Amino acid sequence: MARMLPDRLKEVPHRRLNPLTGQWVLVSPHRLQRPWQGRVEATAGDRPPSYLPDCYLCPGNARAGGVRNPDYTDIFVFDNDFPSLLLDEAPAGSTVDVAGAYRARPERGICRVVCYSPRHDLTMADMEPAAIRRVVDAWADQYRELMAVPWVHYVQIFENKGELMGCSNPHPHGQIWATEEVPNEPAVEDRSLRGYGGPGGLLEAVHAHESEDSSRVVCRNGDWLCVVPFWAAWPFETLLIPRRRVASLLEMTGEERDALASILKDLTVLYDRLFACSFPYTMGIHQAPKKDGAGEYWHLHFHFYPPLLRSATVRKFMVGFEMLGMPQRDLTPEQAAAMLRGDGPGGGS
Ligand code: H2U
Ligand code: ZN
């Protein structure tokens with residue numbers, strides 16, 4: 001611990017590098033010596049019913065596009081009725097390049113919605129690990145199927161949870177966008193993972209250091225580690241890393257998938273406990289794109305990006321210096337991890 005984070009850095013402003021993106025984050029620990037400055041306020045907390053007649057994701061209901069959902073009893077995947085990307089190949093001459101300053105090119109893709117459960121009232125934190133395991137299997141099947149489409153080069157699986165994150169419907173669901181080109185974030189990570197110069201891979205090094213110095217560990221099991229990364233930009237951002245380097249869910253053993261389901265449950269329960277609310281977030285899986293050699297250096301991982309800062313209603317805004325300069329945080333990643341673990345006031349300092 002002392003080796004990685006000298007005591008001085010716990011008090012003075014400093015920058016930390018995100019080795020996955022190459023971006024620096026500003027940390028200002030002197031502004032917040034104690035993590036618990038906020039109140040814990042429970043939100044309205046009205047539990048939705050287990051079935052809602054006008055929910056477009058509940059079994060047997062009509063969706064906005066008019067199609068009726070089957071009476072599904074487990075996981076249900078369908079093509080998004082309002083997809084952001086279309087299947088059709090663009091007509092010739094759709095590429096723009098003017099003066100190197102105005103560039104555009106067509107993009108196609110496949111957008112799907114994944115309902116985790118027929119129950120309208122559940123979140124991952126309420127689901128049994130065995131049920132989450134079936135979601136993991138559905139993600140793996142979708143990744144396999146969509147990566148088999150010849151023109152698809154990347155599959156992004158994600159979930160927006162909570163109104164704060166723009167999710168309009170509490171029915172537990174996520175989305176999948178398969179794209180012709182690799183999007184910005186995984187493209188930058190791809191370069192970082194490929195270019196890492198250490199023995200072994202970048203996330204293998206991170207896994208080893210974080211397991212040894214447990215100050216940023218939120219929860220763990222034999223196959224998975226969940227940390228507030230050293231370079232976290234969002235207050236309670238977390239990173240889930242499998243111990244064994246696998247490029248995608250397809251390479252994971254049954255036990256590793258079970259362990260993934262169980263750590264997803266553990267993490268979402270801890271999130272909900274922090275501010276006594278159904279914790280909002282955007283989460284997603286970064287897996288290998290379709291690229292020569294990617295299987296040799298890719299290390300699958302999950303990012304959770306929650307917007308909350310001090311309570312169920314006080315969020316972090318990435319504005320001002322953050323938009324024009326760089327992301328900044330007061331609460332250190334070590335303090336955030338201690339709060340998520342439930343260590344209490346002053347923990348993790
Ligand atoms: P969120 O994950 O952000 O809540 O989005 C839900 C998706 O569900 C959204 O992309 C789709 C929307 O287009 N949807 C349908 O495909 N059919 C519907 O009947 C309503 C919503
Ligand atoms: Zn529903």
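Just so we're clear, the structure is a prediction, and the values are computed from it rather than from any experiment. (Residues numbered from 1 in each chain as written. Chains lettered and ligands numbered in written order. Predicted model: local features only at pLDDT ≥ 70, side-chain atom pairs only at ≥ 80, totals over all residues. Heavy atoms only, no water.)

**Q** Describe in detail the sheet that holds strand S6 (residues 109–115), supporting the description with residues and values.
**A** In space, the 9 strands of this open sheet follow the order S3-S6-S8-S7-S12-S13-S11-S10-S9, with antiparallel pairing throughout. Pairing within the sheet leaves two strands with one partner each, and these edge strands are strand S3 (76–79) and strand S9 (217–220). Direction aside, the axes of adjacent strands within the sheet are offset by 20° on average. Relative to strand S12 (residues 281–286), helix H2 (residues 184–195) is tilted by about 50°, and along the sheet it contacts strand S7 (154–161), S12 and strand S13 (301–305). (Pairing = 2+ DSSP bridges. Helix = DSSP H or I, 4+ residues; strand = E, 2+ residues; numbered from the N terminus. Axes fitted to C-alpha atoms, helices over the stretch in contact; angles between N-to-C directions. Contact = heavy atoms within 4.5 Å.)

**Q** Just give me the short version of the pairing of strand S10 (residues 224–227), but keep the residues and values in it.
**A** Burial along S10 is two-sided: Trp224 and Cys226 facing one way and Leu225 and Val227 facing the other are all buried. Bridge count for S9 against S10 is 3 bridges, and the pairing is antiparallel. Its bridge partner lying in S10, Cys219 is registered against Cys226. If you look at the hairpin formed by S9 and S10, you'll find 3 residues sitting between the two strands. Strand direction decides the pairing type here: S10 and strand S11 (residues 238–242), joined by 4 bridges, are antiparallel. Among the inter-strand pairings, Leu225 is bridged to a residue of S11, identified as Ile241. (Buried < 20%, exposed > 50% of the residue type's maximum accessible area, 1.4 Å probe, protein only.)

**Q** So what about the environment of Leu20? Which residues, and what values?
**A** Turning to its location among the elements, Leu20 is positioned in the loop between strand S1 (14–18) and strand S2 (23–27). The spacing of Leu20 and Ser192 is 172 residues in sequence and 5.5 Å in space, taken between C-alpha atoms.

**Q** Outline the confidence of the model for the chain, listing residues and values.
**A** In this model, the chain carries a mean pLDDT of 92, and residues with pLDDT of at least 70 account for 93%. A low-confidence stretch, residues 345–349 (pLDDT under 50), is modelled with 9 contacts involving residues beyond four sequence positions or located in other chains. (pLDDT = per-residue confidence, 0-100.)

**Q** Residues and numbers for a nonpolar patch on the surface, please.
**A** The grouping of Phe317, Val319, Met323 and Leu324 at the surface amounts to a nonpolar patch, some 510 Å² of accessible area in total. With respect to the helices, strands and loops of the structure, Phe317 is situated in the loop between S13 and helix H6 (321–324). You can call Phe317 exposed: its relative accessible area is 51%. (Patch = residues over 30% accessible without salt bridge, like charges linked within 9 Å, V, L, I, M, F, W, Y side chains within 5 Å. Areas by Shrake-Rupley, 256 points an atom, 1.4 Å probe, with all protein chains shown as cover. Salt bridge = Lys/Arg side-chain N within 4 Å of Asp/Glu carboxyl O.)

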